[in-house]
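Okay, here's what each chain looks like letter by letter:
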There are 2 protein chains.
Amino acid sequence: MEGYLRSVRGEFEEKLAALVEIPSVSADPNHAEDIKRCAKTAALWLKAIGADSQVIQTAGHPVVIGRLQSHPSNPTVLIYNHLDVQPADASEWQHPPFSFSKVGDRYGGRGTTDDKGPALTALFAARFAKERKFPLNIQWIWELEEEIGSPNFEQFMRSHPHLTADSVVVSDTIWIARRHPTVPYGLRGLQTLVLTLQTHEKDVHSGLTGGVARNPIGELCELVSACYDAQTGHVKIPGFYDEVSPLTREEIEQFLRSGFQTSRYKKAHGLTKIRPHLTTEADVLSAIMAAPTFEVHGFVGGYSGPGIKTIVPHHAEVKISMRLVPNQKPNRIVKQVKAYLKRLNPDVRVEATQTLQPFLGPRRGFYADAARVAMKAGFGKDPVFVREGGSIGAVVTLQKQLRVPIIFLGLSLPEHGYHAKNENFDWGQAAGGMKMFVRYFEVLAKQGKR
Amino acid sequence: MEGYLRSVRGEFEEKLAALVEIPSVSADPNHAEDIKRCAKTAALWLKAIGADSQVIQTAGHPVVIGRLQSHPSNPTVLIYNHLDVQPADASEWQHPPFSFSKVGDRYGGRGTTDDKGPALTALFAARFAKERKFPLNIQWIWELEEEIGSPNFEQFMRSHPHLTADSVVVSDTIWIARRHPTVPYGLRGLQTLVLTLQTHEKDVHSGLTGGVARNPIGELCELVSACYDAQTGHVKIPGFYDEVSPLTREEIEQFLRSGFQTSRYKKAHGLTKIRPHLTTEADVLSAIMAAPTFEVHGFVGGYSGPGIKTIVPHHAEVKISMRLVPNQKPNRIVKQVKAYLKRLNPDVRVEATQTLQPFLGPRRGFYADAARVAMKAGFGKDPVFVREGGSIGAVVTLQKQLRVPIIFLGLSLPEHGYHAKNENFDWGQAAGGMKMFVRYFEVLAKQGKR
């Protein structure tokens, strides 16, 4: 394996450079052609290692699929990565974001860690598996709309029912600390809400109408405060916590072995003060990983320019989302919120705009054990099983469509600048990642069709 | 007097046309030269009737002053009007806003009713008083920054201590209904507040930090809700109502004779629903004219574009103002708010940005009686004494500097489109206004120096 790593390093770097230099920014319509070019390039590379590959159009950006078939009787693993990237403001970067840089073992450029580097790592591991004739079929899905919330992914999966597998491996997550391999087994879900209230026809003058005219911003503030305690984050919507399954002591103990440090976490996110009731690391980790939230993202309406305009606004909108945890049902929560808000203020329109189910994968059993063995092979250390506070829409779709175990074998580190300026990846994580994937494929292959 | 009215009508219309066609929009720096031209024109017209006049520069737009001196032993009345106007969006107007139109008795154009028409009405009455040799001195102050909150007026008054008078008459208010002459004797004050809260360095991702990171918009919503009940408008700041002197039954009865109709008021302001606890006209009138308020004007911070961005904002600002009523002391209120908010959330910065004292003028005694007699002479009917819900900074300054009675003899009607599109004035109000002013001057002159 070490010989293979040495032999492919140059090619890995060339390919990573080539991908970085295609600015596949899914959020920017001006990059639609780059996205197409990125998809074509990736599909050719799949072909080059002997896989069938295709670029599939969707209503938005395409999806690249590929399949390395050994024998129908062998198990199939589906590898999910995405090749689109976050936007990048070049003025904030030390090196231009869409120009590959290499300093020692470190590779710089937008997409290096999220998620082009991990995608290539898995590709090179798959090539090794193929060369060594592992009795395993490998199916790829490389999405190009992940960074914009996978708007067409569910439709894509529904219209490609032949894309089946015995398990899925996703490589798009971040360890909590270097040298602490981490395997997430849970994701929070998301339910967004837009509350709008129009109380009159146009903004009016607070001298002429103040006291008589209703104030939609004030009324929405009242609803926000009725929904949650902003100091502690405790949600006050009746029934909200009913279906939350509490963490076990053992889960929390795992979380605490992840290398997490509150001080480092605060520094990484620029949080000077966190909610004061979160006094221990267990409190903080449980809050991020396994507690639901209520969050206000912004207000629309009224006057928000410099100074003050003494108007009574006629219309206001507040943008809200709730992170939901495993066992909470988004549509049940939406019903609870709507009933509660209707009782408090029947004039407010409540619109549930986006739903992502929470996700809970295996943390015991064959696939979890395979992940444990693979991470140890790649990084010399047993991984800890944690949950992630975010939501990955594509994962929820994969679970819903395929109904097979999904394992996260992520390679990104906090210092890689995931979604941030000066994004980077490193050969240490790539090389360890190749060993990890190879070992994972090996375990899956050895076990055979289950 | 009727002969005088007939003889000056043509000149009145010419002068009003000339003023309307100078777009003296104080809010727009591009109109600074128009403002100057307007001031010069007005000063010349004062000279033309025999007054001393001057255009006085301030740090902003100029002020026009003038004085018709009969004899030092005669009483002096100071007439306050303003000659700057609100901006106008021509696309919303039936006729171009800065081109004078005349249809029958109705004069159209920006500034016709606010406040160029009333200013000219008083000027023509003063000319009559001069021609008839009323033993009265008349002092003018024509401001050109009223529509932007009179930012330099206090400084102007302080640096011109010779501008004294025995009383002030202000003509810049609106009747509640045509054929219901109205004399306001009270104004609400204003205290603006900007609450800002920064909880961390930059917006963070609610998946990675939600539950742990504080949310400044949520915390400010909580404070807004702690400050007032948005449903009723009741202010919850401890001590807020302590100094409010309640209305007398008699005051409310006057208000009810003003021609006010809740249905017409709602229609005029486009208010479909008003606060539901205001069930009678007395409730509504008391709420506008003599109750303090707490109002939220807008939020800054977070995400307010289309859709939702699942960020936890790092900073938020909420723009607030309170209308205050006679006997409430703005600086005492500010202290109460600051103490209350500090207790609730010590991290929030509370900035008191603008203060206007509430105003209470005479509604009994010599000047109130003179106003009553004058209104009856002009419009054939006893006026009712009401209060206004708005604040006029210049009036508060005049009271503070001159310490003499201030009487409001306004001429605008609700249908004149004050601060609105298709602003207009009419000869009925101008002619009645001239009679009113002449009679008012006559009463003041007859009484002599008090």
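Every value quoted in this text rests on a predicted model; they were computed, and no experiment measured them.

**Here's the deal with the domain arrangement of chain A**
All names here are of chain A. The assigned domain composition of chain A is domain 1 (2-187 + 358-447) and domain 2 (189-244 + 292-356). Using only C-alpha atoms to locate each centre, domain 1 and domain 2 end up separated by 38 Å. Taken together, the contact pairs seven residues of domain 1 with eight residues of domain 2. The residue makeup of the side of domain 1 that touches domain 2, split by class, is three nonpolar, four polar and no charged.

**A short note on the relation of the copies chain A and chain B**
Structural alignment of chain A on chain B gives an RMSD of 0.1 Å, achieved by rotating through 180° and translating 0.1 Å along the axis. What the superposition gives is, in effect, a two-fold axis relating one chain to the other. Across chain A, the smallest distance between a C-alpha and the rotation axis is recorded for Cys221(A), namely 2.3 Å. Residue by residue, 100% of the interface of chain A is reproduced at the interface of chain B, so both copies engage with the same surface.

**With respect to unusual backbone geometry**
In this chain, Asp114(A) is followed by Asp115(A) through a cis amide linkage whose omega measures 10°. Mapped onto the secondary structure, Asp115(A) falls in helix H3 (residues 112-131). Look at His419(A): it is not a glycine, yet its phi comes out positive at around 65°. Among the secondary structure elements, His419(A) is positioned in the loop between strand E17 (406-408) and strand E18 (424-426). You will see that Lys133(B), though not glycine, has its phi angle at about 55°, which is positive. Here Lys133(B) shows up in the loop between helix H3 (112-131) and strand E6 (137-143).

**Quick notes on the sheet that holds strand E16 (residues 384-388) of chain A**
Picture the strands of a sheet paired through backbone hydrogen bonds; they go either parallel or antiparallel. Residue and element names in this part refer to chain A. The sheet built from three strands is open, its strands ordered E15-E8-E16 with mixed pairing. At either margin of the open sheet sits one strand with a lone partner, and together these are strand E15 (359-360) and E16. Where strand E8 (residues 182-187) and E16 come together, five bridges link them in parallel fashion. Counted as the bridge partner of Leu187 is Glu388 from E16.

**Quick word on helix H12 (residues 393-402) of chain B**
Taken as a whole, H12(B) has its buried residues at Gly393(B), Ala394(B), Val395(B), Val396(B), Thr397(B) and Leu398(B). Just past H12(B), the residue Arg403(B) takes up positive phi, approximately 55°.

**Here we look at the packing of helix H11 (residues 366-379) of chain B against helix H13 (residues 427-447) of chain B**
Residues and elements named next belong to chain B. Running from N to C, H11 and H13 cross one another at 145°; their axes reach a closest spacing of 7 Å. When you trace H11 past H13, the crossing you get is right-handed. Within the contact between the two elements, H11 uses Phe366, Ala370, Ala371, Val373, Ala374, Met375, Ala377, Gly378 and Phe379 and H13 uses Gly432, Gly433, Lys435, Met436, Arg439, Tyr440, Val443, Leu444 and Gln447. The residue inventory of the contact of H11 with H13, partitioned by class, reads 12 nonpolar, four polar and two charged.

Calculation notes
- The residue count restarts for each chain, going from 1 along the sequence in the order it is written.
- Written order decides the labels, with chains lettered from A and ligands numbered from 1.
- Local features in this predicted model are restricted to residues whose pLDDT is 70 or higher, and side-chain atom pairs enter the listing and the counts only when it is 80 or higher, whereas totals over whole chains, interfaces and linings include all residues.
- Each domain span listed reflects an automatic or database assignment of domains.
- C-beta atoms are placed from the backbone for every residue, and two residues are taken to be in contact when these atoms lie within 7 Å.
- Note on residue categories: nonpolar means Ala, Val, Leu, Ile, Met, Phe, Trp, Tyr, Cys or Pro, charged means Asp, Glu, Lys or Arg, and polar means any other residue, Gly included.
- Least-squares superposition of the copies uses the C-alpha atoms of those residues scoring a pLDDT of at least 70 in each of them.
- Only DSSP runs of H or I covering at least 4 residues are called helices, and only runs of E covering at least 2 are called strands; the numbering of each starts at the N terminus.
- Strand pairing is assigned whenever DSSP identifies at least 2 bridges connecting the two strands.
- Residues with at least 20 neighbouring C-beta atoms inside 10 Å of their own are called buried, those with 12 or fewer are called exposed, and the rest are partly exposed, where every C-beta is derived from the backbone.
- Here the axes come from fitting lines to C-alpha atoms, over the contacting stretch only for helices, and the angles between their N-to-C directions go from 0 to 180 degrees.
- A clockwise turn of the near helix away from the far one marks a right-handed crossing, whereas an anticlockwise turn of less than a right angle marks a left-handed crossing.

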